[in-house]
Amino acid sequence: MSLTGFSTVPEVLSYLNDSSTKLYFDKKIDYSKEQNTPYLNHTCLRIKNPIKSIPFYTEILGFHLIETKKFPQWKFDLYFLSLNKDLTADDVFNTDGILELTHNYGTEDDESYEINNGNDESKGRGFGHICLTTFDIEALEAKLISQGVEFKKKLTDGRQKDICFIYDPDRYWIELVCYGNRPNYESENEPLITKSIGNQFNHTMIRVKNPVKSLSFYINVLGMSLLEFKHHPNANFTVYFLAYPQVKNSEKLPRRAREGILELTHNWGTENDADFAYHNGNTEPQGYGHTCVTFSDAAKVCAQIEDVYGDKINWAPKWNKGGMKNIAFIQDADGYKVEIVNKKGV
């Protein structure tokens, strides 16, 4: 079912909580006894060449390389980056706003190898983009133009004049959005931000086939909250924003100034097409990898999910069943992977 008839978050939640609504993920797991609030910790993207990608994210976009994990036995390396320069390797899994770049050895030397950025119909659409938010979008755009960054959309292009998109070295889309001095802050029921708090790795967007099924997964299985949503009837799609409670700032920040947010995009009508499916990034050709949720006791969380949902949940792999221990991967309604890890790390 489409949720286009609803205009407020309480209406959507009431529908999802109604006993007459047929939900595949119909049981809400209680994480209220979690010692600390979970984090939507990181998003993983595969890259072709770290010599190109790491400088782009660090020197152009201002990320800091927090830790590098090398796994020569499996022929890949992981690079963990954050816009928070104060983080150390000990903090990697105990925060949000982390970007994980995965390099599989040898791709940099293969001229025919191309990353699937999730937006090419010929390779399979699914993952959409990551989004950075900034106080002064015009200043950021000017800086990136001066650095020779390739734009998919500049501020002056198209209907939306307050966002732009750039490409990274693998042609992943990166959305840039303003959180400062927004003229419509009152209508959006947000506080007015008049001072920069720095750039934020705000959200990751993935496309979903059925919003009812996907929302029930992230809310009932993983314990996220629906922050807001917006219908775009002129283009026949709706975007839904989910997150865990904010813990890093004592002052409640508006959605655009936060980190650790998941955006689900529903293109109307896909839910009615039995043969329709999105590319999850992990079948060939690969690109997007996963999102990651961290808990104080990830093993207990996985056991809870198994106890409540049994065979309804697809694991790839279950907790401690893969080559890497103290880790699990769960698949959402569209087959996208979500990593589950302890906050203290792997």
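Predicted model, so just to flag it, every value in this text is computed and none were measured. (Residues numbered from 1 in each chain as written. Predicted model: local features only at pLDDT ≥ 70, side-chain atom pairs only at ≥ 80, totals over all residues. Heavy atoms only, no water.)

(A) Molecular detail of helix α1 (residues 9-17). Considered for burial, the residues of α1 that qualify are Val9, Val12 and Leu16. Angularly, the buried residues of α1 cover 65° about the axis, an arc narrow enough to put them on a single face. Counted as exposed and oriented over 90 degrees from the buried face of α1: Pro10 and Asn17. (Buried < 20%, exposed > 50% of the residue type's maximum accessible area, 1.4 Å probe, protein only. Helix = DSSP H or I, 4+ residues; strand = E, 2+ residues; numbered from the N terminus. Arc of directions from axis to C-beta.)

(B) Molecular detail of the sheet that holds strand β14 (residues 314-315). As summarised here, the arrangement of the 8 strands in space is β2-β3-β4-β1-β13-β16-β15-β14, forming an open sheet in which the pairing is mixed. Unpaired on one side and paired on the other, β2 (64-71) and β14 mark the two borders of the sheet. Across 7 bridges, the pairing between strand β3 (residues 76-82) and strand β4 (residues 98-104) is antiparallel. Among the inter-strand pairings, Ser82 is bridged to a residue of β4, identified as Ile98. (Pairing = 2+ DSSP bridges.)

(C) The sheet that holds strand β7 (residues 163-167), seen in detail. The strand order across the open sheet built from 8 strands is β6-β7-β8-β5-β9-β12-β11-β10, with neighbouring strands paired in mixed fashion. Strands at the two margins of the open sheet, each flanked by one partner only, are β6 (151-153) and β10 (225-232). When strand polarity is set aside, the average angle formed by the axes of neighbouring strands in this sheet is 25°. As paired elements, strand β9 (residues 200-208) and strand β12 (residues 261-267) share 6 bridges and run parallel to each other. By the bridge assignment for β12, Arg207 is matched with Thr265. (Axes fitted to C-alpha atoms, helices over the stretch in contact; angles between N-to-C directions.)

(D) Fine view of unusual backbone geometry. Residue Pro285 is reached from Glu284 by a cis peptide bond, and omega for that bond is -5°. Relative to the helices and strands, Pro285 resides in the loop between β12 and β13 (288-295). Residues Ala316 and Pro317 are joined by a peptide bond in cis, for which omega reads 0°. The phi torsion at Arg171 lies on the positive side, around 65°, for a residue other than glycine. Relative to the assigned elements, Arg171 resides in the loop between β7 and β8 (173-178). Of the residues examined, Arg171 reaches a relative accessible area of 36% and is grouped as partly exposed.

(E) Representation of the pairing of β9 within the structure. Where burial is concerned, most of β9 is hidden: 9 out of the 9 residues are buried. Relative to β9, strand β5 (residues 127-134) runs antiparallel, the two being bridged by 6 bridges. In the sheet register, Ile130 faces β9, and the bridge partner there is Thr204.

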